[in-house]
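If you want the building blocks of each chain, they are given just below.
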Amino acid sequence: MLPDLRSPAPPVRLALDKAALAANWQALDRLSGAATAGAAIKADAYGTGARRAAKVLAEAGCRDFFVAHWREAEEVLDLVPQGSLSVLHGPMSAADAVWAREAGVRPVLNSPSQVQTWLDAGGGLCDVMVDTGINRLGLSMADLADERLSRLEIDVLLSHLASAEEETPLNQQQLHRWEEVCRSLPHRRASLANSAGIALGRDYHGDLTRPGLALYGGVPCAALAPHIAQVVRPEAAIMQVRNIAAGESVGYNATFVAAAPMRVGVISLGYADGYLRCWSSRGILRAGDRVLPVLGRVSMDMTVIDLAAAPDLGEGDWVSADYALPEAARVSGLSQYELLTLLGRRFVR
Ligand SMILES: *Cc1c(COP(=O)(O)O)cnc(C)c1O
């Protein structure tokens, strides 16, 4: 007989602090004032695992979820309240529109052709994105005169800020255009602010805010820092411990050379997991509050760390990567968004 075919769990996992995720949503909902906070859970909830994030957020009280792709909607459909999901990329084909109607998922209509596709499929409750200055996806201000828009039944009327985390006149300009859009298109709920937009104040809140990054522990602007807690932490097992002599090197290209005898650990975490080479000789792993620096190059499946601060740690013990996003972004040179979304597929989530 075949054994149970499910293989043993891998020695690398992405710890998710569910309480912190729920608390971040609640804080952002509070900071949204009279508006309600939704949640952007696209890109596998920014790499944290869309199914578990959706579950936690729905339990915390979130009632509006945004994904980018139709496949991402399908993935969480059974976990969120009926009618609470929107697909930001909208219907690119008749098949998309048909699926949306059958699944009870709202398309975000972004162009005259998407409006036509939706009407051709029979229409129904939808969301509409209007571009007020980012010049990415969305109807242009000129498109608002299109008579077909009057045949739509619009729930959420969206626009998206280009530079919400900065102090720039573009924010005000987008705000004024958005107010004009809201006056000219009938809708149930208006939505402008992403995470950083929430910190711009009540004028930007409308009826519904759409945080993503800050839910998952990202801090786009200083004003949000006191309200946001770290949510994810990569963790890996020590696979081997070795003692090296002074003068010996560690890893590819021998970029680290021991000045004295050392006890080092080889952990199951590498750039294929999203722990990129930018952490070489720079990253920090931790065991409790003990600091275990990365030695030499990060390789595809493993990284070597200094175990001097943790003489009790051995093979099979777990360590966690320093991954507080604002600081990790500063050290790595990557954006907080990238640090989340590049987390690899091998993690147990
Ligand atoms: C991704 C996204 C958001 C969330 O933005 P954050 O900066 O992560 O808070 C909100 N709205 C739209 C349209 C998005 O694409």
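Small disclaimer: the values here were computed from a predicted structure and weren't measured.

Here helix H7 (residues 169-184) contains 16 residues, and its C-alpha end-to-end distance of 23 Å stays within 8% of the 22 Å for a straight helix at 1.5 Å per residue. Every buried residue belonging to H7 is among Asn 171, Gln 174, Leu 175, Trp 178, Val 181 and Cys 182, and all of these are buried. One face of H7 carries all of its buried residues, which in axial projection span an arc of 125°. Turned more than 90 degrees off the buried face of H7, the exposed positions are Pro 169 and Arg 183. On the buried face of H7, the contacting elements are strand S8 (153-158) and strand S9 (189-191).

Another point: the environment of Ala 19. In this fold, Ala 19 is placed in helix H1 (residues 18-31). Note: C-alpha distance between Ala 19 and Glu 74 (55 residues apart in sequence) is 25 Å.

In this section: the side chain of Ser 320. Examined against the element boundaries, Ser 320 turns out to sit in strand S18 (residues 318-321). Every residue in contact with Ser 320, bar those within four places of it in the chain, is listed here: Arg 233, Pro 234, Glu 235, Ile 284, Leu 285 and Arg 286.

Let us look at the nonpolar core. Counting 97 residues, the largest nonpolar core has Ile 41, Leu 57, Val 128, Leu 152, Tyr 216 and Leu 285 as its most contacted members. With seven residues, helix H3 (residues 50-60) is the largest single contributor of residues to this core. Mapped onto the domain boundaries, this core takes at least three residues apiece from domain 1 (18-218) and domain 2 (232-341). In this view, Ile 41 contacts Ala 50, Ala 54, Leu 57, Phe 65, Phe 66, Val 67, Val 76 and Tyr 216; residues no more than four positions away in its chain are not counted. Counting residues in each nonpolar core, the second largest holds eight residues, with Ile 244, Val 250, Val 264 and Leu 295 among its members.

Let's shift gears to the packing of aromatic side chains. A complete count under the given rule lists five aromatic pairs for this structure. Both rings, one in Trp 70 and one in Trp 99, keep their centres 6.0 Å apart while their planes meet at 75°; by these two values the pair is edge-to-face. In this pair, Trp 70 is assigned in helix H4 (residues 70-76) and Trp 99 in helix H5 (residues 94-103), connecting sequence segments 29 residues apart. Looking at Trp 99, the relative accessible area reads 26%, which means it is partly exposed. Seen in terms of ring centroids, Tyr 275 and Trp 279 are 5.6 Å apart; in terms of plane orientation they differ by 10°. Their pairing is stacked. Residue Tyr 275 shares its accessibility class with Trp 279, and that shared class is buried. By the ring-pair criterion, three or more aromatic residues cluster together here, those being Tyr 46, Tyr 216 and Tyr 337.

We now examine the UniProt feature "modified residue: N6-(pyridoxal phosphate)lysine" (unreviewed entry) in the chain. Under the UniProt annotation, "modified residue: N6-(pyridoxal phosphate)lysine" (unreviewed entry) lies at Lys 42. Note on placement: Lys 42 falls in helix H2 (residues 42-46).

Applying the stated criterion to the full structure yields 15 salt bridges. Among the salt bridges present, the one from Arg 13 reaches Glu 235, with a minimum N-O distance of 2.6 Å. You can see Arg 13 sitting in strand S1 (residues 12-16) and its partner Glu 235 sitting in strand S11 (residues 232-244), a full 222 residues away along the chain. Here Arg 13 falls in the partly exposed class, since its relative accessible area comes to 33%. Where Asp 155 meets Arg 189, a salt bridge forms, and the shortest distance between an N and an O atom there is 3.0 Å. A residue pair is termed long-range when its members are at least 10 positions apart, and Asp 155 in strand S8 and Arg 189 in strand S9 qualify at 34 residues. Note on Arg 189: relative accessible area 22%, which makes it partly exposed. Beyond isolated ion pairs, a larger network of salt bridges with shared partners links Asp 64, Arg 106, Asp 127, Asp 155 and Arg 189.

Criteria and thresholds
Residues numbered from 1 in each chain as written. Predicted model: local features only at pLDDT ≥ 70, side-chain atom pairs only at ≥ 80, totals over all residues. Heavy atoms only, no water. Helix = DSSP H or I, 4+ residues; strand = E, 2+ residues; numbered from the N terminus. Expected span 1.5 Å × (residues − 1). Buried < 20%, exposed > 50% of the residue type's maximum accessible area, 1.4 Å probe, protein only. Arc of directions from axis to C-beta. Contact = heavy atoms within 4.5 Å. Core = buried A, V, L, I, M, F, W, Y, C linked by side-chain atoms within 4.5 Å. Domains from an automatic or database assignment. Phe/Tyr/Trp six-rings, centres within 6.5 Å; stacked < 30°, edge-to-face > 60°. UniProt positions renumbered as here; feature names shortened; annotations may be inferred. Salt bridge = Lys/Arg side-chain N within 4 Å of Asp/Glu carboxyl O.

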